[in-house]
Amino acid sequence: QVQLVESGGGLVQPGGSLRLSCAASGFTFSRYAMRWYRQAPGKEREWVATISSAGKITTYTDSVKGRFTISRDNAKNTLYLQMNSLKPEDTGVYYCNTWDDTNTYWGQGTQVTVYS
């Protein structure tokens, strides 16, 4: 079955960087677009970024443009999110996501905390 496992979260000061990873299994990773979402405490889950199946097309929510980079390694079945110039408002649980015609799939999430 589809499995998505995020890692790489942690505590970081404003201006710092983190690189999140999402290890995928149970499906043909290279055929599917992938997304990152995040959920801040007390808020709804929000979309962060999307990457096409081959990695050639990427899109970002406005608040992370120029700071975050989504990428993938289809040989390793792994999705990444490089986060630079982190801000306190980037704090939250980060999830990777994919979907097909019938289901949407989520990982368990990884916590990112940006503290002053």
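Reference entry: report on the structure contained in this document. (Residues numbered from 1 in each chain as written. Predicted model: local features only at pLDDT ≥ 70, side-chain atom pairs only at ≥ 80, totals over all residues. Heavy atoms only, no water.)

**Comments concerning the sheet that holds strand β1 (residues 3–7)**
Note on sheets: strands pair through backbone hydrogen bonds, and any given pair is parallel or antiparallel. Selection rule: Strands pair, by our definition, only if DSSP identifies at least two bridges between them. Each helix corresponds to a stretch of at least 4 residues labelled H or I by DSSP, and each strand to a stretch of at least 2 residues labelled E; elements are numbered beginning at the N terminus. Angular values range over 0 to 180 degrees, each being the angle between N-to-C directions of two axes fitted as lines to C-alpha atoms, with helices fitted over their stretch in contact.
Within the open sheet, the four strands sit side by side as β1-β3-β8-β7. Their pairing is antiparallel. For this open sheet the edge positions go to β1 and β7 (68–73), each flanked by a neighbour on one side alone. On average, each strand axis in the sheet is inclined to that of its neighbour by 15°, with strand direction left out of account. Judged from the six bridges that link them, β7 and strand β8 (residues 78–83) form a sheet pairing that is antiparallel. Bridge pairing links Ser-71 to Tyr-80 in β8.

**Focus: the state of the cysteines**
Stated precisely, the cut-off is as follows: Disulfide assignment relies on a single distance test, namely cysteine sulfur atoms paired within 2.5 Å. Working definition: with a 1.4 Å probe on protein chains only, accessible area under 20% of the residue-type maximum means buried, over 50% means exposed, and in between means partly exposed.
Tallied over the entire structure, the rule returns one disulfide. The disulfide partner of Cys-22 is Cys-96, and the S-S distance across this bridge is 2.0 Å. What sets the handedness of the Cys-22 and Cys-96 disulfide is the S-S torsion sign, and at about 55° it is right-handed. On the criterion of sequence distance, the pair formed by Cys-22 in strand β3 (residues 18–25) and Cys-96 in strand β9 (residues 92–99) is long-range, its members being 74 residues apart. Note on accessibility: Cys-22 and Cys-96 belong to one class, buried.

**Concerning the pattern of salt bridges**
We count it as follows: The salt bridge definition used is simple: a Lys or Arg side-chain nitrogen within 4 Å of an Asp or Glu carboxyl oxygen.
Considering all chains together, one arrives at four salt bridges under this definition. The salt bridge partner of Asp-62 is Lys-65, with a shortest N-O separation of 2.9 Å. Judged by its relative accessible area of 62%, Asp-62 falls in the exposed class. Two residues, Arg-67 and Asp-90, come together in a salt bridge whose shortest N-O distance is 2.7 Å. Taken together, the residues span a long stretch of sequence, with Arg-67 in the loop between β6 (58–60) and β7 and Asp-90 in the loop between β8 and β9 at a distance of 23 residues. Asp-90 sits in the buried class, given a relative accessible area of 0%. Connected through salt bridges with shared partners, the residues Arg-38, Glu-46, Arg-67 and Asp-90 form a single ionic network.

**Focus on the packing of aromatic side chains**
The description of an aromatic ring pair uses the distance of the two centres, along with the angle that the planes make with each other. Put simply, the test is: Pairing of aromatic side chains here covers Phe, Tyr and the six-membered ring of Trp, requires ring centres within 6.5 Å, and sorts the geometry by plane angle: under 30 degrees stacked, over 60 edge-to-face, intermediate tilted. Working rule: Lys NZ or Arg CZ, within 6 Å of ring centre, within 35 degrees of ring normal, means a charge sits over the ring.
Under the defined criterion, the tally for this structure stands at four aromatic pairs. Centre to centre, the rings of Tyr-95 and Trp-106 are 6.2 Å apart; their planes meet at 85°, and the pair counts as edge-to-face. Within this pair, whereas Tyr-95 is found in strand β9, its partner Trp-106 is found in strand β10 (residues 104–106), the two being separated by eleven residues in sequence. What makes Tyr-95 buried here is its relative accessible area of 11%. An aromatic cluster of at least three residues, connected via ring pairs, comprises Phe-27, Phe-29 and Tyr-32. Its end group placed over the ring of Tyr-80, Arg-19 keeps NZ or CZ at 3.9 Å from the ring centre. For Arg-72, the ring lying beneath its charged end belongs to Phe-29, and the centroid distance is 4.3 Å.

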